[in-house]
Structures are given as C-alpha cells and as structure tokens.
Amino acid sequence: MGDNPVMSGSPVRVGVVGCGAFGRNHARIYRDLRAGSQDKVNFVGVVDADKTRAKSIASEFDTQAYGSVSELVAAGVDAVSIAVPTVGHLKAARELMEAAVDVLIEKPLASTLAEADELARIVKKHNRVVQVGHLERFNPAVRATLPLLTQPMFFEVHRLSVFTPRSLDVDVVLDLMIHDLDIVLTMAKSPVKEVRAVGLPILSRKVDIANVRLEFESGCVANFTASRVSTERVRKLRFFQPRQYVSVDFSRQDVLVLTVEENASSSHDFDPFNPASVAGSAFPGIVPFKPKIEPQEPLQAELLSFLNAVRERSTPEVSLQQGRDALAVALRIVDAIEMHSERAHLAELTGGVG
C-alpha cells in the first residue's frame, strides 16, 4: 500500500460522498467516532449532487457540506466512504484515489467487471487502500461463525425485506443477495461451477425476487432466496457440514450450532429447525451450542476496520478482489435469470417489465 498520509497519532480526516440512506448512516458513524477519543477521527464533510440534502446531513451530524468531490479533496481528507448509486462508483473513486485518498466503496463494487478491473488498475497505480462495503462480513454473528467452519457442503440462505423505494437502480441480486454471495464465497472457499436462477420484477422495473442455486467445484451447494417485496424481514443463513448444523440469524446476531455425537442414534422425534425440540433434548445424541457473541453495530465495525487499514496501510478485511469475486457471481446470476426469463417467456406474463 502507499505511504500513510496520517501522521502518527493524528486523526484520520474522513468524508462521505453520497447522502442517501447508506451515506447518512456512514455520516452518523463518523460523527460518533469523532466523539470517541480513542478512535481519532476528524469528520471533514459530506458531498451530494443534491446540495439541499448535503446541507441537511451536514447540519444533522455537525460537519460541512460540499458541492463536489474536488471541494471535499481541497478541504483535506485521508479516507472517504463512497455511497453514491453504483453507476457513479468508478467516477467518484477515480477522482479520490488520484488525489491520494483511500476509499470504502459501498456494495456492489461496480456496475460491470470492466469497471471493477479499472478500479483495480487505479488502485495499483496510486497504491491506495480500498475496502468494499460488504456489511454482513462485520456482523458479530458471522465473525463468531467463521472459526467453526470445517467443510460446509450445503447452504440455505434467506434475505427478505419489505419494499422501499431505495436502490432501485439495481435488481435484488445486486441490492440484497450480494451480501450473502460474499459470505458464502468466503465460507465455501471454492470456485462456482454452476448457476441456476429464476427472478421476477414485482413492484419495480428490475428483478425484485430471486431464487438461486449455486454448485461449487468442491461439491458444495448453496440455495439463496432474496426478496425486497416481502411482508416480513428475514436475514438467515443455515449450513451443514460433517456432523454439524449451524444457523446464523443476521438480524438477531445469533448463532446456534448442533453437533452430532459420534455415538448418536437416530430419532424420528427430533426436529433441528424447532427450538423446542432442541431445548427438550428430544435427541440426546445432538449437542446444542451457542458461541459467545460480542455485540457491535456492523457498520461501526466495518468503518473501524477500514480506518485501521488506512492507518496501518494493510489489506482491508473485504478487499477489492473479494468485492470483484462477489460481483462476478452476482452478474452470472443476473445473466442466468435473464436466460430463464427468455426460456419461460416471462416478459409476456409480466407485461414486458424487466
């Protein structure tokens, strides 16, 4: 990585580009970190094309509003969160990195792999720190689960949300499912061999609900369901590995592990998906375990990790390459959905929306 622009003991000067829902939360955390004496952060300001919105966020979080990235750079920043719509990631990141500023780029990393590769070229040329905003990687439940991995062979993942007029510039795969793609790629540690997918636009002109099956070279299989038109909010991942079942609830930041003892006998009364069955020890050969969770807001953990990488000039926990890997699989899924839609003539059923 390039030379550290932050003098030893000096606060990292940070900013936010993009004041939508994500950008506002980044601003909130930077404001809170500035108030914490141990974190040494100077929140310089925010940028948004909508100057009224920028001024509102700046006023709310006691910082300055700027009309352009160049104005923010001129004010003096070391590290910036980029939370503009995906199509604007490359432009904003390029301007910042060419000005020797490190960046955290919200997910998805880019609109295309060509843009992701151009980002990689800029990073190499200017020796910048770049972290990709795959937030769930910093969920305490995920962090508690990673040490438990042996050889996961089957994943079942659900990410369901109620509809909001947010991130409608991308479909549900790039909006929501990409979180889980990144997590499963991290856990499976194997290239994707086959993709099968179906998706439908429901309330927008993009795919709002999708179901995907991935098979990995290792033989591991993962099923994903993502929806932004559900009546409830669900964020769960379950996986099976030899003699073990692990359930992760992202929203509750909770992990349940069921381990089958070597001498366990079968029981038709045991239901691993029923907490009452587990609590009642209906199957004595299964040992339940809940790893210790250290509660923390994932976004705060993500930004602290980013700032640490900036200070230490180290590779971030979620690297640009990992962001590209998740994007590559997501785009394969988007293509598979389009191919399925054509085979099934879904455009005729949805009135041409898609």
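Everything here concerns the structure above.
Just so you know, these numbers come straight off a predicted model, no measurement behind them.

Looking now at the overall build of the protein chain. Each helix and strand counted, the protein chain has 11 helices and 14 strands in total. Here the protein chain holds 354 residues, and 50% of them are scored as buried. For the protein chain, restricting intrachain contacts to residue pairs at least 6 apart in sequence, the fraction spanning at least 24 positions comes to 71%. Put simply, the protein chain shows about 16300 Å² of open surface, and 52% of that area lies on carbon and sulfur atoms.

To continue, consider the sheet that holds strand β3 (residues 64-66). With respect to topology, six strands assemble into an open sheet ordered β3-β2-β1-β4-β5-β6, the strand pairing being parallel. Looking at strand neighbours, the two that pair on one side only are β3 and β6 (130-133), the edges of this open sheet. Strand-to-strand twist of the sheet, defined as the mean angle between neighbouring strand axes without regard to direction, takes the value 25°. Bridge analysis of strand β4 (residues 79-82) against strand β5 (residues 102-106) gives four bridges, and the strand direction is parallel. Of the residues in β5, the one forming a bridge with Val-80 is Val-103. The strands touched by helix α1 (residues 21-35) within the sheet are β1 (12-17), β2 (41-47), β4 and β5, with β2 carrying the most contacts at an inclination of about 155°. The strands that helix α2 (residues 51-60) touches are β2 and β3; relative to β3, the one it contacts most, it runs at about 160°.

Considering soluble globular proteins, one finds that nonpolar side chains tend to be buried as a cluster. By size, the foremost hydrophobic cluster in this structure holds 74 residues, and its most contacted members are Leu-119, Phe-155, Met-177, Leu-214, Phe-224, Leu-237 and Ile-333. In terms of residue count, helix α7 (residues 172-188) provides more of this core than any other element does, 11 residues in total. Apart from residues no more than four positions distant in its own chain, Phe-155 is found in contact with Val-184, Met-187, Ala-188, Cys-220, Val-221, Ala-222, Asn-223, Leu-237, Arg-238 and Phe-239.

Of all six residues in strand β12 (residues 244-249), six are buried; the element is thus mostly enclosed. Burial of β12 is two-sided: the residues Gln-244, Val-246 and Val-248 facing one way and the residues Tyr-245, Ser-247 and Asp-249 facing the other way are all buried. With six bridges joining them, strand β11 (residues 234-241) and β12 adopt antiparallel strand pairing. The partner of Arg-238 across the bridge, within β12, is Ser-247. Once β11 ends, the chain turns through two residues before running back antiparallel as β12, passing Arg-243 with a positive phi of about 60°. When β12 meets strand β13 (residues 254-260), the two strands line up antiparallel, connected through six bridges. Bridged to Gln-244 within β13 is Thr-259.

On to the pairing of strand β7 (residues 154-160). Here β7 runs beside strand β10 (residues 221-227); their pairing, made up of seven bridges, is parallel. From the neighbouring strand, Phe-154 faces β10, where its bridge partner is Val-221.

This part is about the packing of α1 against helix α9 (residues 298-312). Remark: α1 packs on α9, axes separated minimally by 10 Å, with the N-to-C direction vectors making an angle of 70°. With respect to α9, the element α1 is oriented roughly perpendicular. In the crossing of α1 with α9, the sense of the turn from one axis to the other is right-handed. Together, Asn-25, His-26, Ile-29, Tyr-30 and Leu-33 of α1 and Leu-299, Gln-300, Glu-302, Leu-303, Leu-304, Phe-306 and Leu-307 of α9 make up the contact between the two elements. Considered class by class, the residues forming the contact of α1 with α9 number eight nonpolar, three polar and one charged.

As a further point, take the pattern of salt bridges. It is possible for side chains of opposite charge to pair when their charged atoms get near one another. Within the structure shown, the criterion is met by 23 salt bridges. With its nearest N and O atoms 2.6 Å apart, the salt bridge here joins Arg-28 to Glu-297. Note that Arg-28 is positioned in helix α1 and Glu-297 in the loop between β14 (286-289) and α9, a separation of 269 residues in sequence. Members of the salt-bridge network, linked through shared partners, are Lys-107, Asp-175, Asp-208 and Arg-228.

Inspection of the secondary structure puts Asp-171 in the loop between β7 and α7. One buried charged residue, Asp-171, remains without a salt bridge, the closest side chain of opposite sign being Arg-228 at 6.4 Å. Within polar-contact distance, the side chain of Asp-171 engages the backbone nitrogen of Val-173 at 2.9 Å. Among residues more than four places away in sequence, those in contact with Asp-171 are Lys-206, Val-207, Arg-228 and Val-334.

Rules of the game
- Residues numbered from 1 in each chain as written.
- Predicted model: local features only at pLDDT ≥ 70, side-chain atom pairs only at ≥ 80, totals over all residues.
- Heavy atoms only, no water.
- Helix = DSSP H or I, 4+ residues; strand = E, 2+ residues; numbered from the N terminus.
- Buried < 20%, exposed > 50% of the residue type's maximum accessible area, 1.4 Å probe, protein only.
- Contact = heavy atoms within 4.5 Å.
- Areas by Shrake-Rupley, 256 points an atom, 1.4 Å probe, with all protein chains shown as cover.
- Pairing = 2+ DSSP bridges.
- Axes fitted to C-alpha atoms, helices over the stretch in contact; angles between N-to-C directions.
- Core = buried A, V, L, I, M, F, W, Y, C linked by side-chain atoms within 4.5 Å.
- Parallel < 35°, antiparallel > 145°, perpendicular 65-115°, else oblique.
- Left-handed = near helix turned anticlockwise from the far one by under 90°.
- Nonpolar A, V, L, I, M, F, W, Y, C, P; charged D, E, K, R; others polar.
- Salt bridge = Lys/Arg side-chain N within 4 Å of Asp/Glu carboxyl O.
- Lys, Arg positive; Asp, Glu negative; His and termini not counted.
- Polar contact = N/O pair within 3.5 Å; in protein donor to acceptor, adjacent residues only side chain to side chain.

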